[in-house]
Amino acid sequence: MPLFKKRTAGKPGEWYYCLEHKKVEEGPECPAKDRFGPYASRTEAEHAMETARERNLQWENDPAWHDAPKGRGED
């Protein structure tokens, strides 16, 4: 058992959104696999899920990122 708990990387003033706890944290507090960020402000981190939804929608509607439909382009 380690004597000291390893702290997650991050600095005060960096804001993160924890996907597991659904909360904003400064630091960070949770592992990288469970968070979005860093964000420059608490407000940006509070809107992390909205930002992700908007970016996903843009990506889904971007013709440059879509694979060829099945049956086409597979010669």
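Each chain has its residues counted from 1, running along the sequence as written. At least 70 in pLDDT is required for a residue's local features to be given in this predicted model, at least 80 for side-chain atom pairs to be given and counted, and no such filter applies to totals for whole chains, interfaces and linings, which use all residues. Excluding hydrogens and water, the side-chain values take into account all heavy atoms of the structure.

An unreviewed UniProt entry lists the chain under the name SPOR domain-containing protein, with Streptomyces prasinosporus given as the organism.

**Student:** Please give an account of the pattern of salt bridges that cites residues and values.
**Tutor:** Think of a salt bridge as a Lys or Arg side-chain nitrogen and an Asp or Glu carboxyl oxygen that are within 4 Å of each other. Under the definition given, this model contains three salt bridges. Here Lys33 makes a salt bridge to Asp34, at a shortest N to O gap of 3.4 Å. Whether a residue is buried, partly exposed or exposed follows from its accessible area with a 1.4 Å probe, protein chains only, as a fraction of its type maximum: under 20%, in between, or over 50%, in that order. Using a relative accessible area of 13% as the deciding quantity, one classes Asp34 as buried. For Glu46, the salt bridge is made with Arg42, and the minimal N-O distance between the two is 3.4 Å. Note that Glu46 and Arg42 are positioned in helix α1 (residues 42–46) at a spacing of four residues, about one turn of the helix. By relative accessible area, which is 42% here, Glu46 ends up partly exposed. A residue is classified by how much of its surface remains accessible, and Arg42, at 40% relative accessible area, is partly exposed. By the criteria applied, helices consist of DSSP H or I runs no shorter than four residues and strands consist of E runs no shorter than two, each listed in order from the N terminus.

**Student:** Residues and numbers for the nonpolar core, please.
**Tutor:** Take the buried Ala, Val, Leu, Ile, Met, Phe, Trp, Tyr and Cys residues and link them wherever side-chain atoms come within 4.5 Å; each set so joined is a nonpolar core. If you look at the biggest cluster of nonpolar residues, it comprises six residues: Trp15, Tyr17, Val24, Tyr39, Ala45 and Ala48. Ignoring sequence-local partners within four residues, the contact set of Ala48 consists of Tyr17, Phe36 and Tyr39. Any two residues whose heavy atoms approach within 4.5 Å are treated as being in contact.

**Student:** Outline the sheet that holds strand β2 (residues 23–26), listing residues and values.
**Tutor:** Across the sheet, three strands lie side by side as β2-β1-β3; this open sheet has antiparallel pairing. Across the chains shown, the open sheet's two edge strands, defined by having one partner strand only, are β2 and β3 (35–39). Sheet twist, expressed as the mean angle between neighbouring strand axes with direction ignored, is 25 degrees. Packed on one face of the sheet, helix α2 (residues 48–60) meets β1 (15–18) and β3 and runs near 100 degrees to β3. Two strands qualify as a pair provided DSSP detects at least 2 bridges between them. Angles shown run from 0 to 180 degrees and are taken between the N-to-C directions of axes, each axis being a line fitted to C-alpha atoms and, for helices, limited to the stretch in contact.

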